[in-house]
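# Close look at the chain arrangement
What follows is the residue order along each chain.
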Amino acid sequence: MAKVVRGTHIIGERGVNAFADYCNRHKPYIIFREVTKNDFGIDAEVELTAVNEDGKIEPTGEILKVQIKSTEQDASYIKKEKPDRFSFYASQDDIDYWKKYRKYGINVLLVIFDGRNEDEKILLLI
């Protein structure tokens, strides 16, 4: 049987790339570091930056772990959708994992990549 590239892999990559692009374009810049090995639910980390008194961008040392959930289907993470809000239902395993980070004072940023339409969206939740 031939190897195949699954749609879930493709949409997942689109989500990671879209969020990396968001960080790159953000003012001030957000440092994006993708996790490429042993991804057990954290896809990346970001480091926030600030503009110093000389107008230069400095890393602040404030780090957030990032979980990116990507979808291109209506039956997905996005539930009870309204024009200005939606509900997201994480698995209990995801919640338990994120809580482990919180025990050590590390926040997890949940990013939802909505690739269902041509106007793809990045939704951020902490």
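Attention now moves to the overall build of the protein. When you go through the protein residue by residue, the secondary structure sums to two helices and seven strands. Along the chain direction, N to C, the helices and strands of the protein fall in the order α-β-β-β-β-β-α-β-β. Principal-axis analysis of the C-alpha atoms places the extent of the protein at approximately 55 × 40 × 35 Å. Looking at the protein residue by residue over its 126 residues, the buried ones come to 32%. Summarising the internal contacts of the protein: among those between residues at least 6 apart in sequence, 42% fall at separations of at least 24. With an accessible surface of roughly 9000 Å², the protein has 50% of that area assigned to carbon and sulfur atoms.

Mapping Cys 23 onto the fold places it in helix α1 (residues 7-25). For the pair formed by Cys 23 and Val 46, sequence separation is 23 residues and the distance between their alpha carbons is 8.3 Å. Filtering out sequence-adjacent residues up to four positions away, Cys 23 remains in contact with Tyr 29, Ile 30, Phe 32 and Val 46.

For the bond from Lys 27 to Pro 28, the omega torsion is -5°, close enough to zero to count as cis. With respect to the helices and strands, the residue Pro 28 is situated in the loop between α1 and β1 (31-34).

For the rest of this paragraph, the subject is the pairing of strand β2 (residues 44-51). Pairing analysis gives four bridges linking β1 to β2, with the strands arranged antiparallel. Counterpart to Phe 32 in the pairing with β2 is Val 46. For β2 and strand β3 (residues 57-71), the ladder comprises seven bridges, and the chain directions are antiparallel. Residue pairing across strands places Val 51 opposite Ile 57, the latter belonging to β3.

Among the secondary structure elements, Thr 71 is positioned in strand β3. In this structure, Thr 71 is in contact with Ile 11, Ser 76, Tyr 77, Ile 78, Phe 113, Asp 114, Gly 115 and Arg 116, ignoring residues within four places of it in sequence.

On to the pattern of salt bridges, then. Inspection of the entire model under this criterion finds seven salt bridges. We note a salt bridge from Asp 21 to Arg 25, for which the minimum N-O separation is 2.8 Å. With Asp 21 and Arg 25 both in helix α1 and four residues apart, this pair spans about one turn of that helix. Under the relative-accessibility criterion, Asp 21 is labelled partly exposed at 34%.

Conventions we followed
- Residues numbered from 1 in each chain as written.
- Predicted model: local features only at pLDDT ≥ 70, side-chain atom pairs only at ≥ 80, totals over all residues.
- Heavy atoms only, no water.
- Helix = DSSP H or I, 4+ residues; strand = E, 2+ residues; numbered from the N terminus.
- Buried < 20%, exposed > 50% of the residue type's maximum accessible area, 1.4 Å probe, protein only.
- Contact = heavy atoms within 4.5 Å.
- Areas by Shrake-Rupley, 256 points an atom, 1.4 Å probe, with all protein chains shown as cover.
- Pairing = 2+ DSSP bridges.
- Salt bridge = Lys/Arg side-chain N within 4 Å of Asp/Glu carboxyl O.

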